[in-house]
Amino acid sequence: MKKWKQKPEVLAPAGTLEKLKTAIHYGADAVYIGGNAYGLRSRAGNFTYEEMQEGVTFAKEHGAHVYVAANMVAHEGDLQGAGDFFRTIRDIGVHAVIVSDPALIEICLMEAPGLPIHLSTQSSATNYETLNFWKEEGLERVVLAREVSMDEIKEIRNHTDVEIEAFIHGAMCISYSGRCTLSNHMSARDANRGGCSQSCRWKYDLFEMDHNGMRQSFAVNETDEPFSMSAVDMSMIHHIPDFIENGVDSLKIEGRMKSIHYVSTVANVYSEAVNAYCKDLANFTFQQSWEDELWKVAQRELSTGFYYGTPKEQQQLFGKRRKIPVYKFIGQVLDYNDSSQIATVQQRNSFAIGDEVEFYGPGFTHVYQKITQMWNEEGKPIERAAHPMMKVRIQMEAPVKPLDMMRKAR
Amino acid sequence: MIELIATAESINQARLLIDADVDTLYIGEATFGLRLPANFSPEEIKEICHIAHAEHKNVCVAMNAIIHNDRIKLIPRYLDFLQEAGVDYVTIGDPGVIHLLNKYEVPIPYVYDPHTLVTSAKQVNFWAKRGAKGAVLARELTYEELISISQHADVPVEVLVYGATCIHHSKRPLVTNYFSYTNEKSKNQEHLFISEPKKPKTHYSIYEDLNGTHIFDTNDINLLPHLEKLVNAGISKWKLDGIYTRGQAFVEVVKQFVQAKQALLDKDWSEELKEKLNEKVQEHHPSERTLGEGFFLKNPNDVQ
Ligand code: SF4
């Protein structure tokens, strides 16, 4: 018999305040953001305390949680001010902090009691005794290493009651997280302090060398595939019931640097799938439209990582890349008038009369139509919405809602 | 006190290393330890303990692997065995193993060794409070950082003074996957390297084992010219890793470090001796491999 204990949260990335609101609007139960220090995405989308406050207030109004990633591995000197940082975010009302460095964990435990701590995937937790260790240290949750299989998750769940978070979607490190310093050595950038230059995705020459220094390369011709270590991305949309039945508490989507188009789409799909399962598991069936939707924001092939076996060559990027249909985010609905059936849209990329477009909204709603009539803000008919952020009125064939997104195939 | 720690690849080499006067032999097997020159059976570990203890030397067994469920189950028994064998201490990188060690009150000291992750004194002290008798520092630290860590750490810290440096550990079989894609046969993985795009001279060693794929920096470490600095910084655990320097050559390299250590302790250290010993190290180092000092001489701000 199928069973589940509790509905897991869908946890989405939010690189900016706009993405935070978008993710929650599109069904995420929780979001994770970067603080202005101690995070691994040091170059992208870190929140100031004011933005964090606004984000937390927004999340609370919508019954959602905000976690702050502080998952760098600190060097001497980096730790100054960490206590203040943790106290400040606790007082802002952040629900938890995601940490991997034990030094930061200790500071957080001592100096900001009451702020729950989640162990970051950077720590590569791969067995239940490790989870028990961190539980006894006072941590509330452990994010599992991406190298853990579904069977292992089941066993981990049976041996510990600390909360478990697992990745379900997004780009992957090909190394055990935290155990790769290619960038430190090849580009003088510290991977464990947010500087990874994705050296694994470069093209290398693989060769044998004997004691005389004689080399023999494996790729000799122009057309030979060079060696590389690039992982395809993960998507677990086909396997959501496995996570729920094995008692995973939080389903994590990767991508704090990704667009609102990505965040809204992915959060929407996974929260739809989780809701569908938890509402009526007896009649739950996988919907192909979920997967199709994810392909609209995919950048690479999709795979299941280590969940059902050690990844083979098909889960690495070798050879010619398959053409993935690319969808462009072109606008966001600001308003919709029921009687005139006209939507006011803020343009985000140009579109024109005759374009086949798609509107999508929370709860996995979709409207597909051809644009037949549009007007600019002054009410003048236009052929093309060409100016960034301009407001456009569009004649609709079906109703849409404010904050719905608009995309088209390239 | 300075402790010279050297890997051993065979019982015979272990004997030679003890004759050469190393303080600690570093051994183990891939089920529990990472990137070892050889896998030793329990019987062999016992024998090495026997040989080492007869000469008042130590044996450290590597338990620094990233442990999955299947292997965490084997840990209690392995710890029992190590205790019975009289192993002097172990290295551990997975907190799950520490959890078991503490839970069963196994009286084997441990040194914390999570490969890339120990980069601050505060972190060393976190593990010291949980029983660690030492910590292996990340290889990506500069001398300036080493001084500060050593000053503020409550337990001795270890640095690599000679040998290959792992810079990437994947659970995936990256070489096999590549060969499957290109339909090549997987050849002798002992001599495989990769070079960076547009840097054909680089040669990062790469190999697979049951823990996944390991990639090593293009230069092996040689800190012989900088040992005085380590002494001054109070760094007392010096490791020599022979994974890519085999047999007698490794023993010869170790001898130079033993002599250097003695001279430093006796205040007999001179430029002349340093140069002489360093030349010997270069001479015995595999000719196709290169040596460097890694991050030692870098400025902490050089790495962003
Ligand atoms: S280089 Fe690749 S494997 Fe290494 S940290 Fe960066 S993304 Fe991960």
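If you're wondering where the values come from, they're calculated on a predicted model, not measured in any experiment.

S.K.: Please clarify how the packing of aromatic side chains should be interpreted in this entry.
M.R.: Overall, the coordinates contain 27 aromatic pairs over all chains when judged by the stated rule. Seen in terms of ring centroids, tyrosine 49 of chain A and phenylalanine 85 of chain A are 6.5 Å apart; in terms of plane orientation they differ by 40 degrees. Their pairing is tilted. Of the two residues, tyrosine 49 of chain A is situated in helix 2 (residues 49-61) and phenylalanine 85 of chain A in helix 3 (residues 82-92); the sequence distance between them amounts to 36 residues. Residue classification places tyrosine 49 of chain A among the partly exposed positions, given a relative accessible area of 27%. Where tyrosine 112 of chain B meets tryptophan 127 of chain B, the ring centres are 4.1 Å apart and the plane angle is 20 degrees; that geometry is what we call stacked. With tyrosine 112 of chain B in strand 5 (residues 110-112) and tryptophan 127 of chain B in helix 6 (residues 121-129), this pair connects stretches of sequence that are 15 residues apart. Exposure remark for tyrosine 112 of chain B: the relative accessible area of 4% places this residue in the buried category. The exposure class of tryptophan 127 of chain B is buried, given its relative accessible area of 1%. Among the aromatic residues, those joined into a ring-pair cluster are Phe218, Phe227 and Phe318 of chain A together with Tyr178, Phe179 and Tyr181 of chain B. It is arginine 146 of chain A that lies over the ring of phenylalanine 167 of chain A; its NZ or CZ is 3.8 Å from the centre. A cation over an aromatic ring shows up here: lysine 252 of chain A above the ring of tyrosine 32 of chain A, its NZ or CZ 4.5 Å from the ring centre.

S.K.: Teacher, can you tell me more about the domain arrangement of chain B here?
M.R.: The parts lose accessible area when they come together, and the size of an interface is often stated as this lost area. Residues and elements named next belong to chain B. Segmenting chain B into domains produces domain 1 (3-165 + 219-302) and domain 2 (167-216). Computed over C-alpha atoms only, the centres of domain 1 and domain 2 are separated by 25 Å. With 19 residues of domain 1 at the interface, the matching set in domain 2 holds 15 residues. Buried area between domain 1 and domain 2, both sides added, is near 1400 Å², and the carbon and sulfur share of it is 55%. Among the residues domain 1 hides against domain 2, the three largest losses belong to Arg35, Thr165 and Tyr244. Together they make up 37% of the total. Where domain 1 packs against domain 2, one counts 0 salt bridges. On inspection of domain 1 and its partner domain 2, the count reaches 7 residue pairs in polar contact (both at pLDDT 80 or more). Each residue belonging to the side of domain 1 that touches domain 2 can be placed in one class, and the counts come to 8 nonpolar, 6 polar and 5 charged.

S.K.: Hey, could you run me through the interface of chain B and chain A in this one?
M.R.: Facing 77 residues of chain B, the contacting portion of chain A comprises 71 residues. Between chain B and chain A the total buried area reaches about 6700 Å² when both faces are included, carbon and sulfur atoms providing 58% of it. When the buried area of chain B at its contact with chain A is split by residue, Asn69, Arg172 and Tyr178 of chain B rank highest and sum to 12% of it. Linking chain B with chain A are 3 salt bridges. For lysine 129 of chain B, the salt bridge is made with glutamate 106 of chain A, and the minimal N-O distance between the two is 2.6 Å. Counting only elements with at least two residues in the side of chain B that touches chain A, the list comes to helix 3 (69-72), helix 5 (95-103), helix 6, helix 7 (143-152), strand 8 (166-170), helix 8 (174-182), strand 9 (192-196) and strand 10 (199-209) of chain B. In the side of chain B that touches chain A, the residues fall into 32 nonpolar, 27 polar and 18 charged. Two elements, strand 8 (residues 205-209) of chain A and strand 9 of chain B, share 4 bridges in a ladder whose sense is antiparallel. Directly across from aspartate 205 of chain A, in strand 9 of chain B, lies its bridge partner serine 195 of chain B.

S.K.: Help me out: how do you make sense of the pairing of strand 13 (residues 327-337) of chain A in this one?
M.R.: A regular strand carries its side chains on alternate faces of the sheet. Residue and element names in this part refer to chain A. Pairing analysis gives 5 bridges linking strand 13 to strand 21 (residues 405-409), with the strands arranged antiparallel. Across the sheet, the residue bridging to lysine 328 is lysine 408, located in strand 21. Summarising the sheet, strand 13 and strand 14 (residues 342-347) pair through 6 bridges and their orientation is antiparallel. In the strand pairing of strand 14, valine 333 is matched with valine 345. The antiparallel pairing of strand 13 with strand 14 creates a hairpin that spans 4 residues between the two strands, and glutamine 341 there sits at a positive phi of about 55 degrees.

S.K.: Teacher, can you tell me more about the side chain of asparagine 246 of chain A here?
M.R.: Residue and element names in this part refer to chain A. Within the secondary structure layout, asparagine 246 lies in the loop between helix 8 (240-245) and strand 11 (250-253). Residue classification places asparagine 246 among the buried positions, given a relative accessible area of 12%. From its side chain, asparagine 246 meets the backbone oxygen of aspartate 242 in a polar contact 3.0 Å long. Discounting residues that sit within four places of it in the chain, asparagine 246 has contacts with Met150, Ile153, Lys154 and Arg157.

S.K.: Explain the domain arrangement of chain A here, please?
M.R.: All names here are of chain A. Domain boundaries in chain A define domain 1 (9-174 + 231-315), domain 2 (186-229) and domain 3 (327-409). For domain 1 versus domain 3, the distance between C-alpha centres works out to 32 Å. With 15 residues of domain 1 at the interface, the matching set in domain 3 holds 18 residues. With both chains or domains summed, domain 1 and domain 3 bury close to 1400 Å², and 55% of this area falls on carbon and sulfur atoms. Contact with domain 3 buries surface across domain 1, with Tyr26, His261 and Lys296 losing the most and accounting together for 42% of the total. Along the contact surface separating domain 1 from domain 3 lie 3 salt bridges. Here glutamate 293 and arginine 407 are joined by a salt bridge, their closest N and O atoms 3.3 Å apart.

S.K.: Help me understand helix 5 (residues 128-136) of chain A, please; the structure alone is not making it clear to me.
M.R.: In an α-helix, one turn spans 3.6 residues, which is why side chains three or four residues apart end up on the same side. Residue and element names in this part refer to chain A. In terms of residue burial, helix 5 counts as a mostly covered element, since 7 of its 9 residues are buried. All of the buried residues in helix 5 are Tyr128, Glu129, Thr130, Leu131, Asn132, Phe133 and Trp134. Of the residues that open helix 5, the one with a side-chain oxygen 2.9 Å from the backbone nitrogen of glutamate 129 is asparagine 127.

S.K.: Please clarify how the site of the ligand should be interpreted in this entry.
M.R.: All residues in the neighbourhood of the ligand are listed as Cys173, Ile174, Ser175, Cys180, Cys196, Gln198, Ser199 and Cys200 of chain A together with His168 of chain B. The residues that come close to the ligand belong to more than one chain, namely chains A and B. Looking at side-chain class alone, the shell around the ligand contains 5 nonpolar, 4 polar and no charged residues.

S.K.: I tried to follow the side chain of threonine 130 of chain A on my own but got confused; where do I start?
M.R.: Secondary-structure assignment places threonine 130 of chain A in helix 5. For threonine 130 of chain A, a relative accessible area of 2% corresponds to the buried category. When sequence neighbours within four positions are dropped, the list of residues in contact with threonine 130 of chain A reads Ala125 of chain A together with Asp94, Pro95 and Gly96 of chain B.

Thresholds applied
Residues numbered from 1 in each chain as written. Chains lettered and ligands numbered in written order. Predicted model: local features only at pLDDT ≥ 70, side-chain atom pairs only at ≥ 80, totals over all residues. Heavy atoms only, no water. Phe/Tyr/Trp six-rings, centres within 6.5 Å; stacked < 30°, edge-to-face > 60°. Helix = DSSP H or I, 4+ residues; strand = E, 2+ residues; numbered from the N terminus. Buried < 20%, exposed > 50% of the residue type's maximum accessible area, 1.4 Å probe, protein only. Lys NZ or Arg CZ within 6 Å of the ring centre and 35° of its normal. Domains from an automatic or database assignment. Contact = heavy atoms within 4.5 Å. Buried area = accessible area lost by both parts, 1.4 Å probe. Salt bridge = Lys/Arg side-chain N within 4 Å of Asp/Glu carboxyl O. Polar contact = N/O pair within 3.5 Å; in protein donor to acceptor, adjacent residues only side chain to side chain. Nonpolar A, V, L, I, M, F, W, Y, C, P; charged D, E, K, R; others polar. Pairing = 2+ DSSP bridges. Near = heavy atom within 4 Å.

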